[in-house]
Amino acid sequence: MKNFDIIIIGAGPGGSVAAKVASENGYSTCILEKETLGEKGRYKACGGATAWELIDEINYPEDKIGRVIESLELHHVDGETYSKKGKGAVVWRSTFDKFLTDMAVDSGALLKEKELMINIEKVDTFYNISTNREKYTAKYIIAADGVTSPTLKLLNWPFFKSEDLILTITQEMKTTKSNIDKTLGHDTVHLFFGIESLIRVGYAWLFPKTERITVGWGNQINLVKNSREEFRKFLELPFVKLALKNSTMEIFKPHLIPVGLRSKLYEDKVFAIGDSGGIVDPISGKGIPYAMMSGQFAIDAIKTCEEKDKLDKLGSIYEGILDNKFLRVLKAKRILRDKIFQSDENLKKFLSLWENHRSSVIAMKNLMDQVSLYEIY
Ligand SMILES: Cc1cc2nc3c(=O)[nH]c(=O)nc-3n(C[C@H](O)[C@H](O)[C@H](O)COP(=O)(O)OP(=O)(O)OC[C@H]3O[C@@H](n4cnc5c(N)ncnc54)[C@H](O)[C@@H]3O)c2cc1C
């Protein structure tokens, strides 16, 4: 038996940040990760789009960036396009996740790779955790094991509603830098929408990386009839066909994105962070920064409650911090998402607003419902 204050299951961005903050605060911390990390390790299906502020904040080295991005091109299949400016980056998740896990290890967390958590149960005030290799105990559990969270499943937490899950397909296409620069532009990511004729609730994308294009498609899972067929339809769009001409497929991978919260994010010293809690932007599917922040806030909640000897407040403190920082906005975006995908008219209104406003501003200021002077007269 190996005993820890905190065991974190999953070394994605959420788990690694939680481990870093926990170790820095003096908690004995262990991360259990079923895969091998690093460039030669597991592939994670993800666009890897990241705001420049995050790259700056963690001092992510420029030579590890897949591509620096300056603009976003929003295509409606009707032919209308909308452009949005803003600096960001696309990263390879294997490299990015390893960078964060290394920070956690440097802070003193113990990383156990290739350790698949297979059982967890509470005995008195501790959790017993079994992996394919060892047994552990911990006072606190951080479920950072992604959307399907085996941890929360074993603890009988309710799963997501089907309208809160997006089924995605990702394809990595090997091509040349000059082809990317010519067809997509050297610093532009492309998103594709169309409720009637492309994707009912969701979107598809082309993200340029160094010499590869990450091709993705995602639709609300209960509306998907034949995912491969729907994905193929996207690949047939003339713009997409041209960009992918002469490229070769290296990876094809389906994965889920949660776009609504779990019915609870805390119970009995277990915290759901990142995708395991559904802490993701419901409109864009962006989850990396929210996983990282929720990892930090789970540890902040433990620290605050231990210092004040108020362990019965762990759940309300954790959810309170999340709410204050960004959860209120994500909840408003979840409501906005339903409105956006009600009709192509609403979708186009959103895309034109999105050109000049952050989606959080559109959601919080209810911009979709504001009638313009043009409409009145
Ligand atoms: C197709 C696609 C595109 C996306 N594009 C973007 C994007 O461009 N930008 C963005 O910000 N977000 C994007 N996301 C969302 C983003 O990938 C997630 O929100 C983010 O990875 C969540 O991080 P996490 O730490 O919560 O979980 P994850 O990154 O999913 O990590 C979970 C970890 O747990 C491990 N694990 C699982 N089960 C066990 C077990 N039993 N034992 C031990 N370890 C286990 C897994 O191996 C994994 O490493 C995308 C998602 C998808 C599917």
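Cut-off values and rules
- Residues numbered from 1 in each chain as written.
- Predicted model: local features only at pLDDT ≥ 70, side-chain atom pairs only at ≥ 80, totals over all residues.
- Heavy atoms only, no water.
- Phe/Tyr/Trp six-rings, centres within 6.5 Å; stacked < 30°, edge-to-face > 60°.
- Helix = DSSP H or I, 4+ residues; strand = E, 2+ residues; numbered from the N terminus.
- Buried < 20%, exposed > 50% of the residue type's maximum accessible area, 1.4 Å probe, protein only.
- Lys NZ or Arg CZ within 6 Å of the ring centre and 35° of its normal.
- Near = heavy atom within 4 Å.
- Polar contact = N/O pair within 3.5 Å; in protein donor to acceptor, adjacent residues only side chain to side chain.
- Areas by Shrake-Rupley, 256 points an atom, 1.4 Å probe, with all protein chains shown as cover.
- Nonpolar A, V, L, I, M, F, W, Y, C, P; charged D, E, K, R; others polar.
- Domains from an automatic or database assignment.
- Pairing = 2+ DSSP bridges.
- Axes fitted to C-alpha atoms, helices over the stretch in contact; angles between N-to-C directions.
- Patch = residues over 30% accessible without salt bridge, like charges linked within 9 Å, V, L, I, M, F, W, Y side chains within 5 Å.
- Salt bridge = Lys/Arg side-chain N within 4 Å of Asp/Glu carboxyl O.
- Lys, Arg positive; Asp, Glu negative; His and termini not counted.
- Charge placed at Lys NZ, Arg CZ, Asp CG, Glu CD.
- Parallel < 35°, antiparallel > 145°, perpendicular 65-115°, else oblique.
- Left-handed = near helix turned anticlockwise from the far one by under 90°.
- Contact = heavy atoms within 4.5 Å.
- Expected span 1.5 Å × (residues − 1).
- Core = buried A, V, L, I, M, F, W, Y, C linked by side-chain atoms within 4.5 Å.

Looking now at the packing of aromatic side chains. According to the stated counting rule, one finds 16 aromatic pairs in the structure shown. Taking 6.3 Å as the distance between ring centres and 45° as the angle between the ring planes, the aromatic pair formed by Phe 4 and Tyr 136 counts as tilted. Of the two residues, Phe 4 sits in strand β1 (residues 2-9) while Tyr 136 sits in strand β9 (residues 135-143), which places them 132 residues apart along the sequence. Here the two residues Phe 4 and Tyr 136 agree in accessibility, since each one is buried. Joined through ring pairs, the aromatic side chains of Phe 192, Phe 231, Phe 234, Phe 239 and Phe 252 make up one cluster. It is Lys 87 that lies over the ring of Trp 52; its NZ or CZ is 4.0 Å from the centre. The side chain of Lys 209 reaches across the aromatic face of Trp 92, ending 4.3 Å from its centre.

Before going further, it helps to examine the site of the ligand. Lining the immediate environment of the ligand, one finds 40 residues, of which Glu 33, Arg 42, Lys 44, Ala 49 and Asp 275 sit closest. Measuring from a nitrogen atom of the ligand, one finds a backbone N or O atom of Lys 34 at 3.1 Å. Within the contact set of the ligand, an oxygen atom lies 2.6 Å away from a side-chain nitrogen or oxygen of Lys 44. Contact with the protein chains removes 94% of the 1000 Å² of surface that the ligand exposes when unbound. Here the shell around the ligand is composed, by residue class, of 18 nonpolar, 12 polar and 10 charged. Two domains share the shell around the ligand, each providing at least three of its residues, namely domain 1 (2-42 + 94-160 + 262-337) and domain 2 (68-86 + 162-258).

Right, let's get into the sheet that holds strand β12 (residues 202-208). Judged by pairing direction, the sheet is mixed, and its eight strands sit side by side in the order β3-β5-β4-β11-β12-β13-β10-β14 without closing on themselves. Looking at which strands have only one partner, the edges of the open sheet turn out to be β3 (49-51) and β14 (248-258). Adjacent strand axes in the sheet meet at a mean angle of 30°, parallel and antiparallel pairs treated alike. With 10 bridges joining them, strand β10 (residues 165-174) and β14 adopt antiparallel strand pairing. Its bridge partner being in β14, Leu 167 is matched across the sheet by Leu 256.

The grouping of Glu 53, Asp 56, Glu 57, Glu 62 and Asp 63 at the surface amounts to a negative patch. Considering the arrangement of structural elements, one finds Glu 57 in helix α2 (residues 52-57).

Think of it this way: side chains of opposite charge can pair up when their charged atoms draw near. In the structure shown here, the tally under the stated rule is 28 salt bridges. Residue Glu 134 is joined to Lys 2 by a salt bridge in which the shortest nitrogen-to-oxygen separation is 3.2 Å. With a gap of 132 residues between them, Glu 134 in the loop between β8 (126-131) and β9 and Lys 2 in strand β1 connect regions that are remote in the sequence. The residue Lys 20 makes a salt bridge to Glu 24 at a minimum N-O spacing of 2.7 Å. Residue Lys 20 and its partner Glu 24 are located together in helix α1 (residues 13-24), separated by four residues, close to a single helical turn. Glu 24 gets classed as partly exposed once you look at its relative accessible area, which sits at 47%.

Turning to the packing of α1 against helix α8 (residues 288-307), a few remarks are in order. Following both chains from N to C, one finds α1 and α8 inclined at 30°, their axes separated by 7 Å at the closest point. Classified by the interaxial angle, the pair formed by α1 and α8 is roughly parallel. Of the two possible hands of crossing, α1 and α8 adopt the one that is right-handed. The segment α1 lies against α8, with Pro 13, Gly 14, Val 17, Ala 18, Val 21 and Ala 22 engaging Ile 288, Ala 291, Met 292, Gly 295, Gln 296, Ile 299 and Asp 300.

Glancing now at the side chain of Asp 97. You can see Asp 97 is positioned in helix α3 (residues 93-106). Using a relative accessible area of 0% as the deciding quantity, one classes Asp 97 as buried. Discounting chain neighbours no more than four positions away, the residues touching Asp 97 are Ala 11, Gly 12, Pro 13, Ser 16, Arg 42 and Lys 44.

The next subject is helix α10 (residues 344-356). Here α10 spans 19 Å end to end across 13 residues, near enough to the 18 Å set by a 1.5 Å rise per residue. Regarding α10, the residues found buried are Asp 344, Asn 346, Leu 347, Lys 348, Phe 350, Leu 351, Leu 353 and Trp 354.

With 66 residues, the main nonpolar core has Ile 7, Ile 129, Ile 142, Phe 271 and Tyr 318 as its most contacted residues. The element best represented in this core is α8, accounting for nine residues. Look past the residues within four positions of Phe 271 in its chain and what remains in contact with it is Tyr 140, Ile 141, Ile 142, Ala 143, Leu 265, Tyr 266, Ala 298, Ala 301, Ile 302, Leu 314 and Tyr 318. Core analysis: the second largest hydrophobic core is formed by 27 residues, Leu 72, Tyr 82, Val 201 and Leu 347 among them.

Moving on, we come to the packing of helix α9 (residues 314-340) against α10. Two elements in contact, α9 and α10, have axes separated by 8 Å at closest approach and are oriented at 125°. Viewed along their axes, α9 and α10 adopt a mutual orientation that is oblique. From α9, Leu 336, Lys 339 and Ile 340 reach across to α10, where they touch Asn 346, Leu 347 and Phe 350. Broken down by class, the residue content of the contact of α9 with α10 amounts to four nonpolar, one polar and one charged.

This brings us to unusual backbone geometry. Even without glycine at this site, Asn 156 takes up a positive phi of about 65°. Examined against the element boundaries, Asn 156 turns out to sit in the loop between α4 (150-154) and β10. Asn 156 gets classed as exposed once you look at its relative accessible area, which sits at 65%. In this structure, Asp 268 is a non-glycine residue whose phi angle is positive, near 50°. Relative to the assigned elements, Asp 268 resides in the loop between β15 (266-267) and β16 (270-272). Residue Asp 268 is classed as partly exposed on the basis of its relative accessible area of 40%.

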